[in-house]
Amino acid sequence: MSPISRTEMTHTDIQSLLQSEFGASCVPETIENATPKGLVVSVEKLQDVCLFLRDNERTFFDSLSCLTAIDNGVEANTIEVNYNLYSIPYNSQLLLRVIVARNEEGAELPMIPTVSDVWKTAEWHEREAFDLVGIKFDGHPDLRRILLPTDWQGHPLRKDYSTQEYYHGMKVDY
């Protein structure tokens, strides 16, 4: 079976499509220095954009290949989540990036809406980002640690993480 025929859409074409659907502030910038190239998406529109990109016949990003969370450090005071999308029928890729404040005032951890209702694979990816980087995914059906013990202190991929000296009476030595 041959792939579905369509005109190749670049990330800037997709940006224009999203801006016409959701407004210019929805996708404020492109990401040129990544492979695949991508778009920065506002956190408020993340779920709407993901549903649109999955269900629109011109894009049909039916797969979330990877979700990566990055702490940009105390100085930058931001955390970003990168979503690598793939369209199986169109054999095309797109990077989506959401950038949030590292520590919102009054919030224990930064909050991003879950996309696990858009792509089931996000359930495990989001749990890993929660566990290691400390991001809460609002609406996630089972947000709990996936790699570390449930009573572990902190999130090890945070730039300011300090390893606890003892865990249940055992010295944590690195």
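Data block above holds the structure.
Residues numbered from 1 in each chain as written. Predicted model: local features only at pLDDT ≥ 70, side-chain atom pairs only at ≥ 80, totals over all residues. Heavy atoms only, no water.

A few points about the overall build of the protein chain
And then number 1: Along the protein chain, the regular secondary structure elements total 4 helices and 9 strands.
And then number 2: Seen in sequence order, the protein chain has helices and strands lined up from the N terminus as α-β-β-α-β-α-β-β-β-α-β-β-β.
And then number 3: C-alpha atoms of the protein chain, sized along the principal axes, occupy 60 × 35 × 30 Å.
And then number 4: Residues counted as buried form 44% of the 174 residues belonging to the protein chain.
And then number 5: A sequence separation of at least 24 residues applies to 49% of the contacts in the protein chain between residues at least 6 apart.
And then number 6: When the accessible surface of the protein chain is summed, it comes to about 9700 Å², and 49% of that surface belongs to carbon and sulfur atoms. (Helix = DSSP H or I, 4+ residues; strand = E, 2+ residues; numbered from the N terminus. Buried < 20%, exposed > 50% of the residue type's maximum accessible area, 1.4 Å probe, protein only. Contact = heavy atoms within 4.5 Å. Areas by Shrake-Rupley, 256 points an atom, 1.4 Å probe, with all protein chains shown as cover.)

With respect to the side chain of His-140
And then number 1: Within the secondary structure, His-140 is located in the loop between strand S7 (136-138) and strand S8 (166-167).
And then number 2: From its side chain, His-140 meets the backbone nitrogen of Leu-143 in a polar contact 3.2 Å long.
And then number 3: Once residues lying within four places of it in the same chain are set aside, the contact partners of His-140 are Thr-114, Ser-116, Ala-122, Glu-123, Glu-126 and Arg-127. (Polar contact = N/O pair within 3.5 Å; in protein donor to acceptor, adjacent residues only side chain to side chain.)

Some words on unusual backbone geometry
And then number 1: Residue Pro-36 is bonded to the preceding Thr-35 through a cis peptide linkage, with omega at 0 degrees.
And then number 2: Within the secondary structure, Pro-36 sits in the loop between strand S1 (29-31) and strand S2 (38-40).
And then number 3: Phi at Phe-60 is positive, roughly 45 degrees, even though this residue is not glycine.
And then number 4: Within the secondary structure layout, Phe-60 lies in the loop between helix H2 (46-55) and strand S3 (63-71).
And then number 5: A residue is classified by how much of its surface remains accessible, and Phe-60, at 32% relative accessible area, is partly exposed.
And then number 6: Despite not being glycine, His-168 shows a phi value in the positive range, around 50 degrees.
And then number 7: As for its position among the elements, His-168 is in the loop between S8 and strand S9 (170-171).
And then number 8: Of the residues examined, His-168 reaches a relative accessible area of 58% and is grouped as exposed.

What to know about the sheet that holds S3
And then number 1: Taken together, the 5 strands give an open sheet; going across it, the order is S1-S2-S5-S4-S3, and neighbouring strands pair in mixed fashion. For this open sheet the edge positions go to S1 and S3, each flanked by a neighbour on one side alone. With direction set aside, neighbouring strand axes in the sheet form an average angle of 25 degrees.
And then number 2: Summarising the sheet, S2 and strand S5 (residues 92-101) pair through 3 bridges and their orientation is parallel. Looking at S5, one finds that Leu-39 is bridged to Leu-96.
And then number 3: On the sheet, helix H4 (residues 122-133) packs against S3 and strand S4 (78-87) and is oriented at approximately 10 degrees with respect to S3. (Pairing = 2+ DSSP bridges. Axes fitted to C-alpha atoms, helices over the stretch in contact; angles between N-to-C directions.)

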